[in-house]
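What the coordinates show
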Amino acid sequence: MSALSTPTAGPSHEEGPQPLLVGTGLVLDYGDLRVLDGVDFHVAPGEAVGIVGPNGAGKTTLLNALAGSVTPDQGSIRIEGRDVTALRPELRCRQGIGRAFQIPRPFGGMTVLENVLVGASFGTRLSRRATHRRCVEVLELCGLIDLANRRAEALGLLHRKRLELARSLATDPRVLLLDEIGGGLTDAEAAQLVTTIKSLRELGISIVWIEHIVHILVQVIDRLVCMDAGRVLAEGEPQAVLRDAHVVDAYLGRGSRD
Ligand SMILES: Nc1ncnc2c1ncn2[C@@H]1O[C@H](COP(=O)(O)OP(=O)(O)O)[C@@H](O)[C@H]1O
Ligand SMILES: [Mg+2]
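In this report, we go over the structure that sits alongside the text. Note that the coordinates shown come from a computational prediction; the quantities given were computed from them, not determined experimentally. (Residues numbered from 1 in each chain as written. Chains lettered and ligands numbered in written order. Predicted model: local features only at pLDDT ≥ 70, side-chain atom pairs only at ≥ 80, totals over all residues.)

**Topic: the pairing of strand E7 (residues 175–179)**
Which entries qualify depends on this criterion: Each residue is classed by its C-beta neighbour count within 10 Å, where at least 20 other C-beta atoms makes it buried, 12 or fewer makes it exposed, and intermediate counts make it partly exposed; the C-beta atoms are placed from backbone geometry. Comment: elements are numbered from the N terminus, with helices defined as DSSP H or I runs of at least four residues and strands as E runs of at least two. The rule for pairing is simple: two strands pair if DSSP sees at least two bridges between them. A crossover gets the label right-handed when its path from the first strand over the helix to the second runs clockwise, viewed with the strands pointing away from the viewer.
Burial within E7 is extensive, with 5 of its 5 residues counted as buried. In the sheet, strand E6 (residues 97–100) pairs with E7 via 4 bridges, with the strands oriented parallel. By the bridge assignment, Arg 99 is partnered in E7 with Leu 177. Crossover connection from E7 via helix H6 (residues 187–202) to parallel strand E8 (residues 206–210): handedness right-handed.

**Thoughts on the pairing of strand E10 (residues 231–236)**
Across 5 bridges, the pairing between strand E9 (residues 223–228) and E10 is antiparallel. Paired with Asp 228 across the bridge in E10 is Arg 231. Remark: 2 residues form the turn of the hairpin made by E9 and E10, two consecutive strands paired antiparallel; Ala 229 in that turn has positive phi of roughly 50°.

**Details of the site of ligand 1**
Worth spelling out the cut-off: By definition, a residue lies near a molecule or strand provided its backbone-derived C-beta atom is within 6 Å of it. Three categories are distinguished: nonpolar for Ala, Val, Leu, Ile, Met, Phe, Trp, Tyr, Cys and Pro, charged for Asp, Glu, Lys and Arg, and polar for the others, with Gly belonging to the last.
As a matter of local geometry, ligand 1 sits amid Tyr 30, Leu 33, Val 35, Gly 53, Asn 55, Gly 56, Ala 57, Gly 58, Lys 59, Thr 60 and Thr 61. Per-element accounting of the shell around ligand 1 gives the leading share, 3 residues, to helix H1 (residues 59–67). Here the residues of the shell around ligand 1 are counted per class, giving 4 nonpolar, 6 polar and 1 charged.

**Some remarks on the sheet that holds strand E5 (residues 82–83)**
Paired through their backbone hydrogen bonds, the strands of a sheet run either parallel or antiparallel. So the rule is basically this: A pair of residues counts as a contact when their C-beta atoms, built from backbone coordinates, are within 7 Å of each other. Interaxial angle, 0 to 180 degrees, is taken between N-to-C directions of lines fitted to C-alpha atoms, where a helix line uses only the stretch in contact.
Spatially, 4 strands are ordered E2-E1-E4-E5 in an open sheet, and the strand pairing comes out antiparallel. The open sheet terminates on both sides in strands that have one partner only, identified here as strand E2 (33–43) and E5. Summarising the sheet, strand E4 (residues 74–79) and E5 pair through 2 bridges and their orientation is antiparallel. From the neighbouring strand, Ile 79 faces E5, where its bridge partner is Arg 82. Of the strands in this sheet, strand E1 (21–30), E2 and E4 are in contact with H1, which crosses E1 at around 120°.

**Some words on the sheet that holds strand E3 (residues 48–52)**
Here 6 strands make up an open sheet; going across it, the order is E6-E7-E8-E3-E9-E10 and the pairing mixed. One side of each edge strand has no neighbouring strand; the edge strands of this open sheet are E6 and E10. Taking the axes of each pair of neighbouring strands and ignoring which way they run, one obtains an average angle of 20° across the sheet. H1 rests against E3, E6, E7, E8 and E9 of the sheet, and its axis sits at about 150° to E7. The sheet strands contacting helix H5 (residues 157–169) are E6 and E7, and the helix crosses E6 at an angle near 165°.

See the structure below:
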């Protein structure tokens, strides 16, 4: 079911809020380097979770594991209780996991609309007509409708970031994984991005957002996770996590501007 066409909260669970996406005991090594060292992570339907941590903490790798572009050496990933640990990214996408990358990768020679159509045909099994309609909705939501016929390579940074978001939204995600999409934007542009992401929340889409720019993040999230050296250092109410002495030491005290 399309989250865009059903502006309500996520699936209801009589027995309580069953998490939408769960990673349990995730361990991942690159050679001798343990990049994920027993990470437990979850996001509930409609919830927005922020992830912060110093460079090299394993944040992007965690997103890769959730999206299926890497397979953990240990641990499991479940969507609404179904084990998807071995499922390929494109099949996970069809289960409702959407992804926006730190570096937008549009097809430069295609128009904005064509780029979003590619995303839509990747993630959903709608008819051509419904797919087209959906893409127009997504472009409106992301403030790109007036640029629909512009070639992607002609877009500035803000619009390329919006297009990256639009492409992932076109896959009809129930949970959207965002990796540092705020970087490089002016304050005014970042504020627009926050407004767009808040509007996605209102559609019931869960958000997992890695972001260095903490003051943007806290405007959107319900819960904050701080990672360091492949582990979850602290998690909970965002302001409480940001005050946590370990977080201050590991993250905010050093390297937060890189
Ligand atoms: N494909 C890879 N091969 C080898 N090492 C990698 C690979 N991807 C990431 N790493 C290493 O894993 C660690 C965590 O990386 P990453 O998840 O990108 O951290 P973050 O997103 O928190 O900055 C870093 O030391 C990084 O160099
Ligand atoms: Mg990263």
